[in-house]
Amino acid sequence: MTIHTDLPHQAKSKPATVHPLWLRLTHWLNALAVLIMVTSGWQIYNASPLFNFDFPSTLTLGGWLGGAIQWHFAGMWLFGFNGLFYLLMNIFTGRMKQKFWPLTPRGIFNDFCAALRGKLKHDDLRHYNMVQRAAYVFVMFDGIVLVISGLVVWKSVQFPLLRALMGGFDTARYVHFLAMASLVGFVVLHIVMVALVPKTLIAMLRGR
């Protein structure tokens, strides 16, 4: 008698989880917070420009200075608490060490050269290449700089140590602007990479 080991109705194994639910939620909440803060921040900037240009009104949020400030504060709390939760979850779940380390200049250079030649593979989305690791670590650091410099711009008198760390109120404004510009640059690059590898978007929506 032949014994069949394959069960016809046996459930197929599910694909491995790429992004847990908490990560996907913080990712999309952060995207919303960044959109609110950047567009309202541009309206605030237009009221007192640092450089010899203004942002087009069609790209700003709030309509006027007072409205933009209210939107900026709303986005600020979402960005701050959501970002803190993201960092703590990455640390306490061990994801920070697992996903972003090791990180070496040589590895970044090699993967960057491979990306320029179109030979950087994305077969397993659970693992980040060195360029991705560097970009994500940078944007986390940039987010911290945004929060610190933003606090100095918002409550300069109440945070004297942070003001001294930033080099004063006026310097904090420049730091805040440059950190914002770096964040926008990351977002643009991120969108381009998603367009080149669409399955990364599906993974961030479905988790697999």
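Residues numbered from 1 in each chain as written. Predicted model: local features only at pLDDT ≥ 70, side-chain atom pairs only at ≥ 80, totals over all residues. Heavy atoms only, no water.

What about helix H2 (residues 65-92)?
So, point 1. Over its 28 residues, H2 runs 40 Å from end to end, which matches the ideal 40 Å to within 8%, given 1.5 Å per residue.
So, point 2. Inspection of H2 places Gly66, Gly67, Ala68, His72, Gly75, Met76, Phe79, Asn82, Tyr86 and Asn90 among the buried residues, and these make up the whole buried set.
So, point 3. Looking one or two residues past H2, glycine 94 carries a phi angle of roughly 85 degrees, positive in sign. (Helix = DSSP H or I, 4+ residues; strand = E, 2+ residues; numbered from the N terminus. Expected span 1.5 Å × (residues − 1). Buried < 20%, exposed > 50% of the residue type's maximum accessible area, 1.4 Å probe, protein only.)

Some remarks on the UniProt feature "transmembrane region" (unreviewed entry) in the protein
So, point 1. Per the UniProt annotation, the sites labelled "transmembrane region" (unreviewed entry) are residues 21-44, 64-89, 134-154 and 174-198.
So, point 2. Across residues 64-89 one finds 96% helix and 0% strand; the C-alpha atoms that close the span lie 37 Å apart.
So, point 3. Within residues 174-198, the helical portion is 92% and the strand portion 0%, while the C-alpha atoms at the span's ends are 35 Å from each other. (UniProt positions renumbered as here; feature names shortened; annotations may be inferred.)

What about the nonpolar core?
So, point 1. Judged by nonpolar contacts, the single largest core of 26 residues is most densely connected at Phe55, Phe79, Tyr86, Phe100, Leu146, Phe177 and Met180.
So, point 2. No other element matches helix H1 (residues 21-47), which puts eight residues into this core.
So, point 3. Three or more residues apiece are contributed to this core by two domains, here domain 1 (18-101) and domain 2 (105-207).
So, point 4. Those residues in contact with phenylalanine 177 that sit more than four places away from it in its chain are Tyr45, Leu50, Phe51, Phe53 and Phe55. (Core = buried A, V, L, I, M, F, W, Y, C linked by side-chain atoms within 4.5 Å. Domains from an automatic or database assignment. Contact = heavy atoms within 4.5 Å.)

Observations regarding the packing of aromatic side chains
So, point 1. Within the structure shown, the criterion is met by 18 aromatic pairs.
So, point 2. Ring centres of phenylalanine 53 and phenylalanine 55 lie 5.5 Å apart, and the angle between their planes is 80 degrees; on these two criteria the pair is classed as edge-to-face.
So, point 3. The class of phenylalanine 53 is partly exposed, set by a relative accessible area of 36%.
So, point 4. The class of phenylalanine 55 is buried, set by a relative accessible area of 16%.
So, point 5. Each residue in the set Trp42, Tyr45, Phe51, Phe53, Phe55, Tyr174 and Phe177 is aromatic and connected to the rest through ring pairs, giving one cluster.
So, point 6. Note that lysine 99 overlies the ring of tyrosine 128, its terminal NZ or CZ placed 5.7 Å from the centroid. (Phe/Tyr/Trp six-rings, centres within 6.5 Å; stacked < 30°, edge-to-face > 60°. Lys NZ or Arg CZ within 6 Å of the ring centre and 35° of its normal.)

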